[in-house]
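Geometric and topological summary
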Amino acid sequence: MTQMIVIDIGKCTGCGTCELMCSFRHHGEFNPRKARIHKTVFLYDELAVPVVCSQCEDAWCERICPAGAIAHTIEPTSGAAVLKVDEQICVGCRMCMLACPFGNIAVGAKGHAEKCDLCDGDPQCVKFCPRGALHFADSERGEGEKRRKLATALAASYKESE
Amino acid sequence: MTMHGWTQKVLRVDLTNLSSSVEDLDREAAEQYIGGLGLGARYLYDEIDPAVDAYSPENKVLFVTGPLTGTGAPAGNRYVVVTKSPLTGGIANSTAAGEFATNLKYAGYDMVIFEGKASHPVYLYIDDERISFRDASGLWGKTTSETELAVVAATAPDAKVSCIGPAGEKLVRFACVINDMGRAAGRSGVGAVMGSKNLKAVAVRGTGGVRVADNARFLAAIESCYATLDDPYTEHFHQTGTPGVLELVHAYGVMPTKNFQFGTNPHGDRLTGELLADTLSVRKRMGMGCPACPIACGRITRVKNPDFAGIGAGPEYETIGMFGSSCYTNDLDAVSKANFICNEMGMDTISAGNGIACTMEMFEAGVIPQADIGFALPFGEAKGMVRLAEMIAAREGFGDLLAEGAYRMTEHYGHTEYFMGVKKQEFPSYDGRGLQGMALGYATQPRGACHIRGELQDLDLYGQLGWRVTRDRGMEAVDPLSWEDKPGLSVDVQDWFCMIDSCGVCNFVWFMGCHEDQMRELLEAATGIDMGGHEGFMRTGSRIFNLETLFNRRAGLTSADDTLPERMLRTPLPDGPAKGYVCELDKMLPPYYELRGWDAQGNLTAEKAAELGLEALTTV
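The numbers attached to residues start from 1 for each chain and follow its sequence in the written order. Chain letters start at A and ligand numbers start at 1, both assigned in the order the entries are written. Since the coordinates come from a predicted model, pLDDT governs what is reported: local features require at least 70, and pairs of side-chain atoms require 80 or more to be given and counted, while whole-chain, interface and lining totals use all residues.

When its secondary structure is counted, chain B shows 28 helices and 16 strands. For the C-alpha atoms alone, the extent of chain B along its principal axes is close to 65 × 60 × 50 Å. When each of the 620 residues of chain B is scored for burial, the buried share is 65%. Once local pairs closer than 6 in sequence are excluded, the contacts in chain B between residues at least 24 apart make up 71%. Only runs of H or I of at least four residues qualify as helices and only runs of E of at least two qualify as strands under DSSP, and these elements are numbered from the N terminus. To assign burial, the other C-beta atoms lying within 10 Å of each residue's own C-beta are counted, with C-beta atoms placed from the backbone; 20 or more indicates buried, 12 or fewer indicates exposed, and intermediate counts indicate partly exposed. In this description, a residue-residue contact is defined by the distance between C-beta atoms placed from the backbone, which must lie within 7 Å.

Okay, the overall build of chain A next. If you tally the helices and strands in chain A, you get five helices and eight strands. Going from N to C terminus, chain A has its helices and strands arranged as β-α-β-β-α-β-β-α-β-β-α-β-α. If you line up chain A on its principal axes, its C-alpha atoms span 65 × 30 × 30 Å. Here chain A holds 162 residues, and the buried ones make up 38% of them. At a minimum sequence separation of 6, the contacts of chain A that also span at least 24 residues come to 58%.

A few words now on helix α4 (residues 144-154) of chain B. Burial in α4 of chain B covers these residues: Thr144, Ser145, Thr147, Glu148 and Val151 of chain B. What you see down the axis of α4 of chain B is that its buried residues fit within an arc of 160°, all on one side. The directions considered for the arc run from the helix axis to the C-beta atoms.

The interface is formed by 27 residues belonging to chain B together with 22 residues belonging to chain A. In terms of residue class, the side of chain B that touches chain A is built from 15 nonpolar, nine polar and three charged. For this scheme, ten residues count as nonpolar: Ala, Val, Leu, Ile, Met, Phe, Trp, Tyr, Cys and Pro. Four count as charged, namely Asp, Glu, Lys and Arg, and the remainder, Gly too, count as polar.

Now for the nonpolar core. Here, a nonpolar core denotes buried Ala, Val, Leu, Ile, Met, Phe, Trp, Tyr and Cys residues that are linked to one another through C-beta atoms within 7 Å. With 250 residues, the main nonpolar core has Met347 and Ala389 of chain B as its most contacted residues. Ignoring any residue separated from it by four or fewer positions in sequence, one finds Met347 of chain B in contact with Ala167, Val172, Phe174, Ala175, Cys176, Cys342, Ala352, Ile392 and Ala393 of chain B.

Turning to the environment of Ala609 of chain B, a few remarks are in order. Residues and elements named next belong to chain B. Looking at where Ala609 falls in the secondary structure, it is placed in helix α27 (residues 606-612). For the pair Ala609 and Asn546, spaced 63 residues apart in sequence, the C-alpha separation works out to 8.6 Å. Apart from the residues within four sequence positions on either side, Ala609 is in contact with Leu604, Leu614, Glu615 and Thr618.

For the rest of this paragraph, the subject is the domain arrangement of chain B. All names here are of chain B. With domains assigned, chain B is organised as domain 1 (9-205), domain 2 (243-426) and domain 3 (432-618). Each partner contributes residues to the interface: domain 2 has 23 residues there, and domain 3 has 27 residues. Looking at the side of domain 2 that touches domain 3 residue by residue, the class counts come to 13 nonpolar, five polar and five charged. Residue ranges assigned to the domains are those given by an automatic or database domain assignment.

All names here are of chain B. Each residue after the first adds 1.5 Å to the expected span of a helix. Between its first and last C-alpha, helix α23 (residues 516-527) extends 16 Å over twelve residues, near the 16 Å set by a 1.5 Å rise per residue. For α23, the tally of buried residues reaches nine of twelve residues, placing the bulk of the element in the interior. Three or more residues of α23 are buried, namely Glu516, Gln518, Met519, Arg520, Leu522, Leu523, Ala525, Ala526 and Thr527. Buried-residue contacts for α23 involve α7 (215-229), α20 (468-471), α21 (486-503), α22 (508-511) and α24 (533-555). Two residues or fewer past α23, Gly528 is found with a positive phi of approximately 80°.

For a regular strand, side chains alternate in direction, first toward one face of the sheet and then toward the other. Here strand β2 (residues 37-42) of chain A shows a buried face lined by Ile37, Lys39 and Val41 of chain A and an unburied face lined by His38, Thr40 and Phe42 of chain A. One bridge is not enough; two strands pair if DSSP finds at least two bridges between them. Between β2 of chain A and the antiparallel strand that follows it, strand β3 (residues 47-52) of chain A, lie four residues; Glu46 of chain A among them carries a positive phi value of about 50°.

All names here are of chain B. Where α7 meets α23, the closest approach of the two axes is 8 Å, and the angle between their N-to-C directions is 160°. Here α7 is positioned roughly antiparallel relative to α23, judged by the angle of their axes. Where α7 crosses over α23, the handedness of that crossing is left-handed. Across the interface between the two elements, Arg217, Phe218, Ala221, Ser224, Cys225 and Thr228 from α7 touch Gln518, Glu521, Leu522, Ala525 and Ala526 from α23. Throughout, an axis means a line fitted to C-alpha atoms (over the contacting stretch in the case of helices), and angles, computed between N-to-C directions, take values from 0 to 180 degrees. For this classification, under 35 degrees means roughly parallel, over 145 means roughly antiparallel, 65 to 115 means roughly perpendicular, and everything else is oblique. When the near helix sits turned anticlockwise from the far one by under a right angle, the crossing is termed left-handed; a clockwise turn instead gives a right-handed crossing.

Residue and element names in this part refer to chain B. For the pair α21 and helix α26 (residues 585-596), the least separation of the axes is 8 Å and the interaxial angle reads 45°. As judged from the angle between their axes, α21 and α26 are oblique. The element α21 and its partner α26 pack so that their crossing is right-handed. Across from Lys486, Pro487, Gly488, Ser490 and Val491 in α21, the residues of α26 making contact are Met588, Pro591, Tyr592, Leu595 and Arg596. Classifying every residue of the contact of α21 with α26 by side-chain character gives six nonpolar, two polar and two charged.

Excluding glycine, most residues fall at negative phi; most peptide bonds, likewise, are trans. Residues Gly314 of chain B and Pro315 of chain B are joined by a peptide bond in cis, for which omega reads -5°. As for its position among the elements, Pro315 of chain B is in the loop between β14 (310-313) and α11 (317-326). Phi at Gln55 of chain A takes a positive value of approximately 55°, unusual for a residue other than glycine. For Gln55 of chain A, a count of 23 C-beta atoms within 10 Å puts it in the buried group. The residue Arg94 of chain A is not glycine, and still its phi comes out positive at about 70°.

Our next topic: the sheet that holds strand β9 (residues 160-163) of chain B. Residues and elements named next belong to chain B. Strand order in the open sheet made by the six strands is β8-β7-β12-β9-β10-β11, with mixed pairing throughout. Looking at which strands have only one partner, the edges of the open sheet turn out to be β8 (130-135) and β11 (183-185). Shown here is a sheet whose adjacent strand axes are inclined to one another by a mean of 20°, direction ignored. Together, β9, β10 (177-179) and β12 (199-205) form the strand contacts of helix α3 (residues 99-106), whose direction differs from that of β9 by roughly 115°.

Take the pairing of strand β6 (residues 111-115) of chain B next. All names here are of chain B. Across the five residues of β6, four count as buried, placing the element largely inside the fold. Across five bridges, the pairing between strand β1 (residues 9-14) and β6 is parallel. In the strand pairing of β6, Leu11 is matched with Val112.

Residues and elements named next belong to chain B. In space, the six strands of this open sheet follow the order β2-β1-β6-β3-β4-β5, with mixed pairing throughout. With partners counted over all chains shown, the strands left at the sheet margins are β2 (19-24) and β5 (91-97), one partner each. The average undirected angle you get between the axes of adjacent strands in this sheet is 15°. Relative to strand β3 (residues 61-65), α3 is tilted by about 85°, and along the sheet it contacts β3, β4 (78-84), β5 and β6.

To continue, consider the confidence of the model for chain B. Within chain B, residue pLDDT values average 96, and 99% of them lie at 70 or more. Both confidence scores are given for the complex: pTM 0.96, ipTM 0.95. Values of pLDDT, ranging from 0 to 100, describe the predictor's confidence in every residue of the model.

This is how it looks when you write it as structure tokens:
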């Protein structure tokens, strides 16, 4: 069991505070395009979904990196597994961008790969998410909540008419 | 030099010659007028003759962000469209939130100034420093959502668009500007001025960022606001949005009913935010957020009823008050349909709804013959209301007359007593007889009747008592029916809201309980300037308010325009908790002028001008 950024899709309003706080932390400026978390808004469905690196156990980006710049580490305060880019080793070849199926790693203006590093155990996107759509929690929390929601819906469908 | 808060650049666009240039922001003006509303007023005051016709090429349209726009400040997401109003003849400043606003900053501009007039329909595409003019002939006549989607398709998937609809093209005097698929810079006809310049849309794609002067201080200021907002009121506003206040407005007896003939609506229970959020909202009790907004009060509604079917943003509180209660349809389906039409055609729902309610009263009184309208239009005639909204946008039949605004329509019939508004701009959805502070605000706001430029209703109606405005006075409650305390409160709240609308943040964060000191902290941390404490902060707000009024004086408006309809002044409210009350404007206006530092004619005195640093501008 490890901690990860758990997304509660139903609560995201699409405000993009996560993007702003991520870029502020990593780049010292408010700039959604430099964020490592990104939201997509489906306006007429009143839905928005944030997408961020899920720190794969067996990561495409790690496997493909020819320089060996991407490695699994354990974040000391939370014990969370995190894939980190060693900026000194990374040559900016963009192989990781091609390999990641989710679009969660990109080579930025400084010429090296940038991705979610969990902010040393205090992810700013989670800290500032104003509607509780993001949690830094046990990875099982997300599954558990989804199962519970499904079970609730199933239970409702099975209610005997009054 | 790295700029903090401001990008320090202004994009100047010459529509006559289809050329553009970039210049440095007037730093001194920025420090004195901040941005948005204030800085826009300053540039407009400096650059046009306020007496010029609003539709002449000499008028200019300014899109102005604030130093907090595009930052992580709570709801730091707004731009203000500033121009001379074709509706009031005074200054217009309408604000809207959205990624269009934040992308203007990310593209590197504090402000875009549109001058002149294009010879044919155009739209502007701002792709960071690359500026291009595109032919908009094929977009002319398209609705706002059609325009936005077409412009995105023709530019970039991540371009953000602000545009006008057919109403703006046809110079409906209360046409608005719409961005981000339904966010409106709504009032005073700013969209009509765009239309008069043949400017259909502005698309922007910005890839830069916004930096602040003191990162740690700025983060702490944001956290302080978040702590204030973490309460049930914010949650309620998130779930029900602006319509969530309907019940309270009903309870105070200030809900405009049948064109302000009554203050209570016996069918008010059909018009509540809870009902909207539980029925027509695409997702129940779920709000969508503008950039960086911790509240997220926006919503999408879908009407399946075939008479009024549609989907889109809103309706907001004011729209429901006008189309639902004042037009007396008492039907959220019909209200939503009228709202969809206004948004798609690009016109202000408040002025449109108020004007239609006014028409209904005049129809019932026999002042407007049925033949003029083309069909019977008594109060409650929902399909007729929707039809007339379409006719206004198309300037078809009677709609052509009402497109001039309700005042000019009543003038046409020689019965201006039916017009419910100030400075030719229609009242929003509060009856001033039961809210004396609102009455004084309506009379004195530079942009005419308006609910968001000095929200005294936040104090007496919504019980907001966290601001210094009341704390510094030791006030624990504000009585909506008393008039004695309102001149002083009005001055301060108007100045305070000038600051909110100049910083580039949404006023709902402050409506929800954040206060002046938190705003000043955000502003100082972002820009690095020293506002001179609370006093200096409020003095800046006052400078802005007075500059707007100076603009109006030079445009020809006088203290005679600081008035209210006879109905508000002489006819007591016949019903509800405020029964028997009229607006005590005669008693409130003289002390208000005195506190403003104005003479009896409503003109700024030399002493006050000197105190505010406005001497140079008064002698122009």
